[in-house]
Amino acid sequence: MSRTLHVSRDLHAAGRHYLAGGVSSDARRVAGVPLYVDRAQGARLWDVDGNSYVDYVLGQGPALLGHCPPAVVEAIAAQAARGMVYSAQHAAEVRVAERICAMVPSAERVRFNTVGSEAVHGALRLARGYTGRSKILKFEGHYHGWLDPVLYSVHPAVDAAGPPGAPVAVPGTAGQQPGHADDLIICPWNDLETLAGLMERHLGQIAAVIAEPILCNTGAISPDPGYLEGVRRLCDEHGTLLIFDEIITGFRLAPGGAQEHLGVTPDLSVFGKAMAAGMQVSALTGRAAVMDHISTGKVAHAGTFNSQPVGIAAAEATLRILDERREEIYGTLFERGTALMEGLRSAAADAGVPMLVDGPGPVFQTYFTDAAAVRDYRDFAATDRAKMARLHAALLDRGVNMVPRGLWFMSTAHTAADVATTVDAFAGALRDL
Ligand SMILES: Cc1ncc(COP(=O)(O)O)c(C=O)c1O
């Protein structure tokens, strides 16, 4: 099967002269013509050539309620007519901060930013300012945005990344300020013993351990039973702050994020993506004692567009829906996600293709592998990632849009019929390969 892409092809040919690489984010680079979207509604996208897709990218996660949920669109339009930027305080940000504090276990105070990378930056600075320590421990395979201090060892070449039990910090890009690696400790995920050893070796120096509580940028890898509790205990023993990067998991796994879903409470957490259904709002939250280093002005935090009223109006409408309709919403996300995962597993089994389909349900991953489990970055790197990129292209040709690396985001707009259509397309795409 293949799509007609005349308009997309022409746009891409022209766009490459003006947009570096023809795209506006490296995450959109694909072999061939990228998706040129004309419009989005519910669980569907339409491209500029009139092809339609069941969408499991959802803007890389934000469209948890589907594209253009009416209550959020109305709130945005109403606020836009009253002012798009104030760079001053307003009532809605107080209400949204109050709701976040009620919904999220670790949240006692909030500061708003625009994107996830910025909120992570705020969290790391706050952790250093609070503890007076300089080092940050991050896990191999975890992504915390594209800024210099943390863009290390996300998907490094395995032969440059050191032994599995003692990974080295591999920079993510040319041009990165090299000194940042001196303050970064890289640890394998789901390995408590190595973490304990590293924390002992850097005694009194680690300001914070930062983690995606469910790793969603390298597969969809849940913590082993007891692992996050162990991480929490080690942080407490060492006076190190625990930061959960909930940019993907926040409001997706539960109203209080992965921290509610998994029952482990960090000191600080960052949210973005799903909290405003597609508008650019992120938040840094945490324990009052830590956040009050911002309250007093000891640790700087700023931004022209922080609590920008249109974004906050979207967040207010979104969080109200998630909070007030929590049973129905999270029931649907898990039920549909599980049904789709089961359908994809059956399609792969029927096709005789070794495949692992794993993850909590509202977000999950397909891997080409014989392995029974993927527990960390090295396991992920051993799966057939080139074949996954080909599956992505084959699925687009059959009207399904997943994240190219094999990640699937569910929304409340996906119906049982969408699941059935997707499973058929998936079976066809496996045949196409
Ligand atoms: C876990 C995680 N942290 C941080 C970020 C950075 O967020 P943004 O792209 O909004 O800067 C992302 C983006 O995908 C993410 O997945």
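Further up the page is the structure itself.
Residues numbered from 1 in each chain as written. Predicted model: local features only at pLDDT ≥ 70, side-chain atom pairs only at ≥ 80, totals over all residues. Heavy atoms only, no water.

Participant: Account for the sheet that holds strand β4 (residues 109-113), with residues named and values stated.
Facilitator: An order of β4-β10-β9-β8-β7-β5-β6 is seen for the 7 strands of this open sheet, with the pairing classed as mixed. Sheet topology places β4 and β6 (184-187) at the edges, where each strand pairs with a single neighbour. Taken over all neighbouring pairs, the strand axes of this sheet differ in orientation by 20° on average, direction set aside. Sheet analysis places strand β7 (residues 206-211) next to strand β8 (residues 241-245), joined by 4 bridges and oriented parallel. Bridge pairing in β8 links A211 to F244. In the packing of helix α3 (residues 91-103) onto the sheet, the strands contacted are β4 and β10 (282-286), and the crossing angle to β4 comes to about 125°. (Pairing = 2+ DSSP bridges. Helix = DSSP H or I, 4+ residues; strand = E, 2+ residues; numbered from the N terminus. Axes fitted to C-alpha atoms, helices over the stretch in contact; angles between N-to-C directions. Contact = heavy atoms within 4.5 Å.)

Participant: Which residues make up α3, and what values do they have?
Facilitator: When the terminal C-alpha atoms of α3 are compared, their 19 Å separation across 13 residues agrees well with the 18 Å that a helix rising 1.5 Å per residue should span. Of the positions making up α3, those classed as buried are A92, E93, V96, A97, I100 and M103. In a view along the axis of α3, the buried residues occupy a sector of 135°, so they form one face of it. When the buried face of α3 is taken as reference, the exposed residues oriented beyond 90 degrees from it are V94, E98 and A102. Taken together, the buried residues of α3 touch β4, α7 (257-262), β10, α9 (309-324) and α10 (326-351). (Expected span 1.5 Å × (residues − 1). Buried < 20%, exposed > 50% of the residue type's maximum accessible area, 1.4 Å probe, protein only. Arc of directions from axis to C-beta.)

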